[in-house]
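Structural overview
Here are the chains, one letter per residue:
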Amino acid sequence: YCRQVNNNVPLLGALINNRTSSLRVFTGALPPPPPPTPVTHSTGSVDLLQTATLNLDNGVIAGAGTDIWHQAVTATQKFITPRNGARLARGDGSNRGFSGCSVASFSTDSIPIAALPVGTYVCARTDQGRISQFRVNAYIGTTMRLGYTTWAN
């Protein structure tokens, strides 16, 4: 229950009196409401083999509409490369979540695997325009273990 009180009153009414858990006082105009909680479209953990691709919209490896490619140019030159119009933003590698990734500076540039130690987060805008974030959880030989979340926006 919510009630707007515009002046001093001795009792708040039966629905609130002695039952109020919080109260916010504002002067002037009310602040804007908080942004809506983002809705998860797809989330999971994947093992992305070297040279394989991943669709961050649904977690499918090597399927249609792939967003990232675990590219291996040589045994030591390896990258995460955006595909099909997807874009990436490494930033500082921290967990930025939906709100932080929503305002990230995305690029079509590849990110060297050497710049992605375990624990690094990368923001993505998928080929479907959704905001996504993945985390490098482990390297097992030539396979990257990633955890990802893609939001419905």
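Residues numbered from 1 in each chain as written. Predicted model: local features only at pLDDT ≥ 70, side-chain atom pairs only at ≥ 80, totals over all residues. Heavy atoms only, no water.

1. Quick look at the sheet that holds strand β1 (residues 40–49)
Here is the rule: We call two strands paired when DSSP finds no fewer than two bridges between them. We count a stretch as a helix when DSSP gives it H or I for four or more residues in a row; a strand needs E for two or more, and each element gets its number in order from the N terminus. A fitted line through C-alpha atoms serves as each axis, taken over the contacting stretch for helices, and the angle formed by two N-to-C directions is quoted from 0 to 180°.
Strand order in the open sheet formed by 5 strands is β1-β10-β9-β8-β6, with antiparallel pairing between adjacent strands. The sheet is open, and its two borders are formed by β1 and β6 (87–89), each paired with just one other strand. Strand-to-strand twist in this sheet, taken as the mean axis angle between neighbours without regard to direction, amounts to 25°. Alignment of β6 against strand β8 (residues 121–125), held across 3 bridges, turns out to be antiparallel. Each residue of the ladder has a partner; that of Leu-88, found in β8, is Ala-124.

2. Things to note about the nonpolar core
Note the threshold: Buried Ala, Val, Leu, Ile, Met, Phe, Trp, Tyr and Cys residues that are joined via side-chain atoms within 4.5 Å together make up what is termed a nonpolar core. Remark: exposure states derive from per-residue accessible area (1.4 Å probe, protein chains only) relative to the maximum for the residue type, with buried under 20%, exposed over 50%, and partly exposed in between.
With 18 residues, the main nonpolar core has Ile-68, Ile-80, Leu-88, Phe-134 and Leu-146 as its most contacted residues. Residue assignment for this core shows that the elements contributing at least two residues are β1, β8, β9 (131–140) and β10 (143–151). The element that contributes the greatest number of residues to this core is β10, accounting for 3 residues. In terms of nonpolar packing, the next biggest core, distinct from the first, is built from 7 residues, Ala-89, Ala-104, Phe-106 and Ile-131 among them.

Honestly, that's just the spatial picture; any functional story needs more than this.
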